[in-house]
Structures are given as C-alpha cells and as structure tokens.
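Structural description and commentary
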Amino acid sequence: MRDLIAEGLASGRWHVEDGASLTQNLIIDTDVVIVGTGAGGGITAEILSQAGLKVLMLEEGAFRYASRDFHLQESEAYPQLYQESAARQTKDKGITIMQGRTVGGTTVVNWTSCFRTPHWTLEHWQSLGLKSLTVDAMAPWFAQAEQRLKVVDWQVPPNRNNSILRDGAEKVGISWSPIRRNVHGCMNLGYCGMGCAANAKQSMLVTTIPAALNLGARLISRVRVERIRFEGGKATGVEAQALQSDGISPAPWKVSVNARAVVLSGGSINTPAVLLRSKADDPHGLIGKRTFLHPVPISGAVMPEQVEAWAGAPQTIYSDHFLESLPLSGPIGYKVEVPPAHPILTTTTLSGFGESHAHIMQQYPNLHVMLALLRDGFHPESQGGQVQLRSDGSPVLDYPMTSYVWDGVKRAWLTMAELQFAAGAKQVMPIHEHVPAQGYGTWREAKAAIETLPLEVMRARIVSAHVMGGCAMGADASKGWVDHHGKSFAYDGLYVIDGSVFPTSIGANPQLSIYGMSARNAAHLAETLTGKPFAWQIA
C-alpha cells in the first residue's frame, strides 16, 4: 500500500517540525492556526488549505510516521499514542478515558466504527435551538466525509468476538446490524488501537494531514498550546510551549503564533482546557460544562470455544435495540458493541486481584467481552461532567455518576449477560469488584446477582473512549459558547471545530459525526475568510 507519509517526507516539500528538535524560539505569522490534529483538526486543515489559506497545525503529541512506526505492541502504543499513557481518568478515578495524543489524534488509534449522527440526536439539538442541524442538511456532509475517508460496509465475516453478539441478539430476538468502517486495504489484524501497520485505517494521519501538507500547510508536533491571545475582543494568535522528546517535559523554546483565525480542535477535554487557561470570557459559565463520555459498563464471558478476541476487525456488529426502544425522556438508552481484548487492555480492565485475576486470565483465549455505550445528556439527570484545571494547568474531568446513569449501568449488565448466555457462555462476569472470579454459571444466577451489585465508583468498572461536549453550540450566548458553525460568541476570529461543540453525547461512536460537522463548519470558515464560495474537493 502507498505510504503517503514516507513519500511526503522524502519529497522535501513538507514543512514539518518537531518541538523537541527546536533550537530557538519561533514567531510565526499565518492565516489560520489549528490547535490539534484529530478528527476536527485534520478535516479543517485540508479544507482551509484547499481554500488557499496559509495553515499552521500545532499538535501536543509526536509525529509517528505511519506504518513503519507502528509495531503493534501495547507497551509502546499506550505511552506513545494516548493521553496519559491510556490511563487518563476522571477526577474521582472512577472512569478510565482512552484518548489519542499523536499527530492524527484519536483517529490513529480508534477501532474504525463509523455511524452518522442518529436522527433522534439531531432532532433533540433542533429542539435546543439549533434549527439548521437537520438530517437532510447534514446528510451531504456525512456523504462527503464517507467518500473522503472510504467508509464502507465491512464485507469480511465477523470474528468470533463480534459474532457472539450477533448470535445472542438473534436468540434473544433483538435487532443487530453490521458496522461500517473507514478502512481501505484492511488486513483484518485486529490491532487498530495500536496504530495501523498497514496504513489501511483512513485516519487523519494518512489522509487529510498529508493532503494539507502537500498544499503548503505547516505542522509542528510536540508543542503544547498554553493560551490564546486576545486583543480588543478578537483572538489574534496563540502562545505555545515546545516539549522535550518524552512529550511531557517542557523544552527551552516557545512558539508564538499570529493568526487571522484560531481554530481549537484539541478534543473535548483539551479544548475547554485551553480556553480555561486563557481565561476566556465566559459570562454564562459554559466552558467545560456538559462534557459527555458515553459511560461504558463491561461484561466478560467465558465461552466453551476459543474466541481469540484480539484477532480480526475489532468492531463489526452492534445493536441499537436499547436506544431505539427507549424514548429520550425515559431511562438512559445504550448501544451494545464488543471491544477487542488485548492482554494489557484486558488485565487492566478486569476486576479482581491476585488469584482471582489470574483465574480469569487463564481462560483468556476463550474470553468474550461486551460493552454498552450509555447515551448521556438527553435527560435532566444526565448532565455529564465538567473540565477543570489542576494546579499545573493540566485538565481533569469531574464526572459524577448520577442514580439515573447508574440505573443504565445495571440494565446494561443485565442485557449483556442475557445475550452472552444466549450465545452459549459457560460463565458471565459483569466487571465489578464484587463479582466472584468464576462469575455466574446461569442467566438466572447472574440476573439475581446483578440486581444486588453495589452501584459505586471504583467497585463498578466504567470506561470510555468517546469524549464530547464541553464547548457546546447554542442558539445564543446564553445557551452555548459557540454558534452553530463553531464560531465563538465572545471573540471574533476564534472557532471550535471538534467534538467539543456537541450539546449532548451522540449515542454512537462519534468519529463520523465529528468529520461531518467539522467539514460543514470548516467550509463555512473558508468562505468567511476568503469571501469566496467553497466546495470540498474529495481526493
């Protein structure tokens, strides 16, 4: 497969720098500075570069040169490619959050699942005053993103991990569907979370970022944006700190950027953090509020046959039965999927210690894992969390689990246990510290036990890989910090183009929602800055 990164670097035309290699302070003038290179930043960089604008991308993580840098080792991938070595947690340590931290962001390490924003989510946003975000209005942007990133119906039969979900759904009598994936030339390895060694995953690293660089954009990696500069009600640039090769320690050098427009694309924890560090005007106290995670409870099962849940495309089957059958005003709904089960990810997520933990891992080849994405943000008792700053300026998410959300956790455990037993599981183990190592041997036993499990932080293992909101779109400044195109109500020249703008969670894996919304808003920004109509040219 063609390696666009290697070709671009070899051409000598790309303007790429590493903050760890700087030898002096930099002062840079540009049309647009984009903070972050994930789903929002990558799409925006390509679109604004196509519009003829001078673009600078700043990325806190390192620039991994695609296939040759991805060795599919968890011990390398987590510290190199994830925020806080894949151990980012909420303030109370109750939820582990997996987010990317590399050029290309989370798109480099996600599991390639692609869903358009569900109609019920867009309809709810319209009820909040975002009248332009209809299904019909968004459909062309999703279609263009799908074409650009080669989103396809996955034609390969699901691995056993996914087929267990399908089999259980059919036995129980609920609907299931295949998952679309943004891949081209996929080798079906199953190691998507460690970077794609085949360059098949159509992440920003191998699509929009090379395209932007080919058009003259500039990229500086390992540089942390500390604050935005404001002058007279306008964002005029950013101040950034170069980082050493560990990607954490400050280097001696600063990067100061002057720009006509500042675009924040750092994701739904880092974008609010930049605004908080910048002491941005926030009269209604909205920055960092209503940040959503899709809290994820997990259920393990031991099957009579080998599952080898680490092998094969990680997510190819899902069920929305418990979203479609529950109104937004009712109990929290959830999407059912499966995750891959690699050794470190599995051992750090499972409950128990010592002999009980070892007992589960001895059955690792036969282990099946199921998860539920809880759709938060649509109910008065589901307000999400709040991004805050630690004393050193780094962000942390305070995410209280309400009784409404906990009720969803318990119902999801019941659903997943029933599906796993229906598919033939010998034992089922909701991931909770009170569940015995041998789990439960029958659906009746599991149901009775789950009803009594204490719903408490640290006892129930909750994870998430989806962060949304924290800088939401709104009909006016009292309802959102940005408008429906991501422009700040408080400052001219300041835009947020990433998942931070979502007023609620998506209720589905959010990458395609971010791609489509970002393309829409970046195209609008291109027209604003150039004064000319813009049409995204799909490579």
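Now for a description of the structure that goes with this document. Please read all numbers here as calculations on a predicted model, not as lab measurements. (Residues numbered from 1 in each chain as written. Predicted model: local features only at pLDDT ≥ 70, side-chain atom pairs only at ≥ 80, totals over all residues. Heavy atoms only, no water.)

1. Quick word on the packing of helix H2 (residues 39–50) against helix H14 (residues 511–530)
Running from N to C, H2 and H14 cross one another at 35 degrees; their axes reach a closest spacing of 9 Å. Crossing handedness for the pair H2 and H14: right-handed. Across the interface between the two elements, Ala39, Gly40, Ile43, Thr44, Ile47 and Leu48 of H2 pack against Ile514, Tyr515, Ser518, Ala519, Ala522, Ala523, Leu525 and Ala526 of H14. Residue composition of the contact of H2 with H14, grouped by class: 11 nonpolar, 3 polar and no charged. (Axes fitted to C-alpha atoms, helices over the stretch in contact; angles between N-to-C directions. Helix = DSSP H or I, 4+ residues; strand = E, 2+ residues; numbered from the N terminus. Left-handed = near helix turned anticlockwise from the far one by under 90°. Contact = heavy atoms within 4.5 Å. Nonpolar A, V, L, I, M, F, W, Y, C, P; charged D, E, K, R; others polar.)

2. Concerning the pairing of strand S19 (residues 386–389)
Consecutive side chains along a regular strand alternate between the two faces of the sheet. In this structure, S19 lies alongside strand S20 (residues 395–398), joined through 4 bridges in antiparallel fashion. Within S20, the position partnered with Gln386 by the bridge is Asp398. What sits between S19 and S20 in their antiparallel hairpin is a turn of 5 residues, with Gly393 showing a positive phi close to 90 degrees. (Pairing = 2+ DSSP bridges.)

3. Describing the sheet that holds strand S6 (residues 113–114)
Strand pairing within a sheet occurs via backbone hydrogen bonds; the two strands may be parallel or antiparallel. Spatially, 3 strands are ordered S6-S9-S7 in an open sheet, and the strand pairing comes out antiparallel. Taken across any chain shown, the strands that pair with only one partner, and hence form the sheet edges, are S6 and strand S7 (151–153). Strand direction decides the pairing type here: S6 and strand S9 (residues 180–182), joined by 2 bridges, are antiparallel. Within S9, the residue paired with Ser113 across the bridge is Arg181.

4. Focus: the packing of aromatic side chains
All told, the structure shown has 8 aromatic pairs when counted by the stated rule. Ring geometry for Phe63 against Tyr65: centres 4.8 Å apart, planes inclined by 90 degrees, an arrangement best described as edge-to-face. Here Phe63 falls in the buried class, since its relative accessible area comes to 8%. Aromatic side chains Trp481 and Tyr491 sit 6.4 Å apart centroid to centroid with 45 degrees between the ring planes, which places their arrangement in the tilted category. With a gap of 10 residues between them, Trp481 in the loop between strand S23 (468–469) and strand S24 (494–496) and Tyr491 in the loop between S23 and S24 connect regions that are remote in the sequence. (Phe/Tyr/Trp six-rings, centres within 6.5 Å; stacked < 30°, edge-to-face > 60°. Buried < 20%, exposed > 50% of the residue type's maximum accessible area, 1.4 Å probe, protein only.)

5. Description of the side chain of Asn159
By the element assignment, Asn159 lies in the loop between S7 and helix H6 (160–172). On the accessibility criterion, Asn159 (13% relative accessible area) is buried.

6. So, the pairing of strand S18 (residues 367–374)
Extensive coverage of S18 is indicated by the burial of 8 of its 8 residues. Covered by surrounding structure in S18 are Leu367, Val369, Leu371 and Leu373 together with His368, Met370, Ala372 and Leu374, the residues of both alternating faces. Across 5 bridges, strand S15 (residues 296–302) lies against S18 in antiparallel orientation. Bridge pairing in S18 links Val302 to Leu367. As defined by bridge partners, strand S17 (residues 334–337) adjoins S18 across 4 bridges and the pair is classed as antiparallel. If you follow Lys335 over to S18, its bridge partner there is Leu373.

7. Comments concerning helix H13 (residues 443–450)
Along H13, the residues classified as buried are Ala446, Ala449 and Ile450. Here the buried residues of H13 occupy an arc of 95 degrees about the axis, which is enough to place them on one side. Residues of H13 that are buried sit in contact with helix H12 (403–422) and strand S21 (427–430). (Arc of directions from axis to C-beta.)

8. Notes on empty space enclosed by the protein
Overall, the coordinates contain 6 cavities of 30 Å³ or more when judged by the stated rule. Estimated volume of the largest cavity: approximately 140 Å³. If you go around the largest cavity, you meet 17 residues; those closest to its centre are Cys186, Leu189, Gly190, Cys192 and Cys196. In terms of residue class, the lining of the largest cavity is built from 11 nonpolar, 4 polar and 2 charged. Looking at the second largest cavity, the residues that line it are Ala66, Phe70, Val108, Cys196, Asn199, Ala200, Lys201, Ser203, Leu205 and Val206. Taken together, the residues that form the lining of the second largest cavity break down as 7 nonpolar, 2 polar and 1 charged. (1 Å grid on protein atoms, 1.4 Å probe; cavity = no way out; pocket = protein on both sides within 12 Å on 5 of 7 lines; lining within 4 Å. Points joined across faces, edges and corners; volume = space filled by probe spheres on them.)

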